[in-house]
Amino acid sequence: MLHVYPVTISSTCPVGRRNIITASSIPAQQPPAQKPSKPKRESHVMNESKKRSLQSRVFDALEDIMNTRIDPSGLRDFWDPEYTVFHGNFAPVDELPPTECEVIEGALPPCLEGAYIRNGPNPRSHPVGPYHIIDGDGMLHCIRIRGGKATLCSRYVKTNKYVAEEQAGTNLTPRLGASITGPVVGSTARFLLSVAKMLAWRFDLRAGVGTANTNIATLGDNKLYALHEFDLPYQINVTTEGDIGTVGRRDDGFGNGVNMTAHPKPDPDTGEVFAFRYFMTPPFLTYFWFDAQGNKQSDVPIFSVKKPLIMHDFAITKKYAIFPNIQISFLLTGRSAMGFDSEKVPQLGVIPRYAEDGNATRWFDVPGLNILHTVNGWDEEGNNGEEYVVVIALNVLSIEHGIERIDLLHESMEMVKINLGSGTVTRQPLSAKNLEYGVVNPAYTSKKSRYVYAGVLSDNGPPGVRGIVKLDVAMAERDDTVADCTIASRMYGPGCYGGPISFVAREPKDLNAAEDDGYLVSYIHDEIKGESRFIVMDAKSTSLDIVASVKLPQRVPYGFHGLFIRDDDLDLQKM
């Protein structure tokens, strides 16, 4: 069922802490080469209409002691909110009601009638102490397109955490990214302090602690959900005018489960959606799926996983689900609660898609393969009847930087083939470029696809997308010596960065349409001008030509994943 929280949606973000972060208070610039001077102690009151209670002042003093005496090393460069998260277009913005946008180039294609929604962290207050880029309350940025015109709306997901902290006037829950990736002593102390605050303000842990800041997806029931892998889904609603509301947290069918992946996989042919969760206690990995009506099916615990693991994404085919077990793990060492395990051998686990028993999972060692994001998967039959599972995914080559310096990550696109008969695994690079956020035409999810689109990351600089490439997987299939399958690209230009992209088919009901006949949509930001745009690119052209560009009335910060949903599907969410 849904836990519904009555919240009045206002046109501005909550105000009133001693250092509220607003769009106007943040300079549009890239992270500095040198760490700035340490900021003064700031409060994290969410609502200035509430006077600071003695209880709040006591906890503020304790947190000061934490950061100056117990763990002063917590503010290393990447953990200092002044150094990365609150600079340039990483900085948070205010909520924005539906506001008309200006189409400044070209025209919006008719097939884009609908909404593009992108999720991402948007901190409501300036944190005290270390902060990770994955922390921050989820904010949805929705561009609603109707009749060739566009409106932009930005709203927080009103999670249990959001509502409770707004009522308390202070941060209550641990910053999960910083808590599990920082030094154990400091992380433990901060976690215990958060527990004390939750007890003091009677925070309801049963209703979840997640931020819903990672992705947007459907779960087979024509509803939209904001997702975060440390919590259950939050249903959201998009109005005809383009406004966004939070309906509530969905927990029906999850039993004792308190979380699920932020990357569920829909099968466009069956309407089913497949998912998993990982947890700190057994079973460490659990697989499940939703039928075409959105009913969650029984959990399939995978007890062959003997230790806690970190698993952000996975892949499906028509016959199997594939799980990457990577070298980022829960270590609980003095350096960090979570980090790089040099002694661990990465694996791929393959389980029948409709398995009723986790014992059906087979694990294959794949040294050097650390997958954070998959792109697609499919089944293949060899010339002699061999059964293969194929996965297109991004391999993190510098996985040792996967926690503390994600700005130093380098990810290459690979095609991985598992021979289920012999147990051999072969890998072929599709590109050596530093890529992220790979997508395919969603109609090809779980079946063989030829084209992959991905963002090109900066090798040394802000962790933003500086352009898009199109890869042709068929090139690698024809010639296994091909090192780069790029056939088209578009760079955004100096000072311009973007984020994830979505593919939108030009004629979704045309079964004979070419796989790449459609458009790529995304938000980009010009750091020099301080302006954000929504752009539409021709996915079939050799230069990924821009066919439309929309100037946005407010900056859209860099964020995580998004989804395009057509008008017809938006209407179904109301049923």
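For the rest of this paragraph, the subject is the overall build of the protein chain. A tally of helices and strands in the protein chain yields six helices and 34 strands. Per-residue burial for the protein chain yields a buried fraction of 59% across its 575 residues. On the protein chain, roughly 22,600 Å² of surface is accessible, and the fraction owed to carbon and sulfur atoms is 53%.

Moving on, we come to helix 2 (residues 160-168). Of all the nine residues making up helix 2, eight are buried; the element is thus mostly covered by neighbouring parts of the structure. Close packing links the buried residues of helix 2 with strand 6 (149-156) and strand 9 (234-238). One or two residues past the end of helix 2 sits G169, with phi positive at roughly 80°.

What follows covers the nonpolar core. Of all hydrophobic cores here, the largest spans 26 residues; its most connected members are L285, Y287, F314, F323 and I351. Mapped onto this core, the elements with two or more residues apiece are strand 12 (273-278), strand 13 (285-290), strand 16 (320-325) and strand 17 (328-330). By size, the runner-up hydrophobic cluster in this structure holds 21 residues, among which are L108, Y116, I145 and Y523.

A complete count under the given rule lists 33 salt bridges for this structure. Residue R277 pairs with D299 through a salt bridge whose shortest N-O separation is 2.7 Å. Linking R277 in strand 12 with D299 in the loop between strand 13 and strand 14 (300-301), this pair joins segments that are 22 residues apart in sequence. Overall, D299 belongs to the partly exposed group, its relative accessible area being 28%.

Turning to the sheet that holds strand 34 (residues 562-566), a few remarks are in order. Read from one edge to the other, the open sheet built from five strands follows the order 2-6-5-4-34, with strand pairing classed as antiparallel. Strand pairing shows two members of the sheet lacking a second neighbour, strand 2 (96-100) and strand 34, which therefore form its edges. Averaged over all pairs of adjacent strands, the angle between strand axes in this sheet comes to 15°, irrespective of strand direction. In the sheet, strand 4 (residues 114-121) pairs with strand 34 via five bridges, with the strands oriented antiparallel. Bridging from a neighbouring strand, Y116 pairs with F564 of strand 34.

Taking 1.5 Å per residue as the helical rise, helix 1 (residues 54-70) with its 17 residues ought to reach 24 Å, and the 23 Å between its terminal C-alpha atoms agrees with that figure. Among the residues of helix 1, those classed as buried are S56, F59, D60, E63, M66 and N67. Within helix 1, the buried residues cover an arc of 115° as seen down the axis, which keeps them to one side. Turned more than 90 degrees away from the buried face of helix 1, the exposed residues are L54 and R69.

Tracing the backbone shows R555 in the loop between strand 33 (546-551) and strand 34. Within the buried set, R555 has no salt-bridge partner at all; the shortest N-O distance to an opposite charge, 7.5 Å, is to E527.

Moving on, we get to the sheet that holds strand 23 (residues 411-419). Reading across from one edge, 21-22-23-24 is the order of the four strands in this open sheet, with antiparallel pairing throughout. The two strands at the open ends of the sheet, each matched to only one other strand, are strand 21 (371-381) and strand 24 (425-431). Between one strand and the next, the sheet's axes are offset by a mean angle of 20°, whatever the strand orientation. Bridge count between strand 23 and strand 24: six bridges; the pairing is antiparallel. Counterpart to V416 in the pairing with strand 24 is R427.

Here we take up the confidence of the model for the protein chain. The predicted model of the protein chain averages 86 in pLDDT, with 83% of residues at 70 or higher. Within the model, the stretch residues 3-45 combines pLDDT values under 50 with 120 contacts to residues more than four positions away or in other chains.

Moving on, we come to the packing of aromatic side chains. The final tally for this structure, using the stated rule, is 20 aromatic pairs. Ring centres 6.4 Å apart and planes at 80° place the aromatic pair F230 and Y278 in the edge-to-face group. Of this pair, F230 sits in the loop between strand 8 (224-227) and strand 9 while Y278 is found in strand 12, placing the two residues 48 residues apart along the sequence. What makes F230 partly exposed here is its relative accessible area of 22%. Its relative accessible area of 6% is what places Y278 among the buried residues. Cluster of aromatic residues (ring-pair linked, three or more members): F274, F276, Y287, W289, F314, F323 and Y354. Taking NZ or CZ as reference, K296 lies 4.6 Å from the ring centre of F288, over its face.

Attention now moves to the side chain of R144. For R144, the location among the structural elements is in strand 5 (residues 138-146). A residue is classified by how much of its surface remains accessible, and R144, at 6% relative accessible area, is buried. Only 3.1 Å separates the side chain of R144 from the backbone oxygen of G114, close enough to count as a polar contact. At 2.8 Å, the side chain of R144 forms a polar contact with the side chain of D567. Residue contacts for R144: discarding those within four places in its chain leaves G114, A115, K149, A150, T151, T239, T240, E241, G242, D567 and L570.

Here we take up the environment of P494. By secondary structure assignment, the location of P494 is in the loop between strand 28 (486-491) and strand 29 (496-498). Each C-alpha atom, one on P494 and one on E527, is 8.8 Å from the other, the two residues being 33 residues apart in sequence.

Cut-offs and rules
- Residues numbered from 1 in each chain as written.
- Predicted model: local features only at pLDDT ≥ 70, side-chain atom pairs only at ≥ 80, totals over all residues.
- Heavy atoms only, no water.
- Helix = DSSP H or I, 4+ residues; strand = E, 2+ residues; numbered from the N terminus.
- Buried < 20%, exposed > 50% of the residue type's maximum accessible area, 1.4 Å probe, protein only.
- Areas by Shrake-Rupley, 256 points an atom, 1.4 Å probe, with all protein chains shown as cover.
- Contact = heavy atoms within 4.5 Å.
- Core = buried A, V, L, I, M, F, W, Y, C linked by side-chain atoms within 4.5 Å.
- Salt bridge = Lys/Arg side-chain N within 4 Å of Asp/Glu carboxyl O.
- Pairing = 2+ DSSP bridges.
- Axes fitted to C-alpha atoms, helices over the stretch in contact; angles between N-to-C directions.
- Expected span 1.5 Å × (residues − 1).
- Arc of directions from axis to C-beta.
- Lys, Arg positive; Asp, Glu negative; His and termini not counted.
- pLDDT = per-residue confidence, 0-100.
- Phe/Tyr/Trp six-rings, centres within 6.5 Å; stacked < 30°, edge-to-face > 60°.
- Lys NZ or Arg CZ within 6 Å of the ring centre and 35° of its normal.
- Polar contact = N/O pair within 3.5 Å; in protein donor to acceptor, adjacent residues only side chain to side chain.

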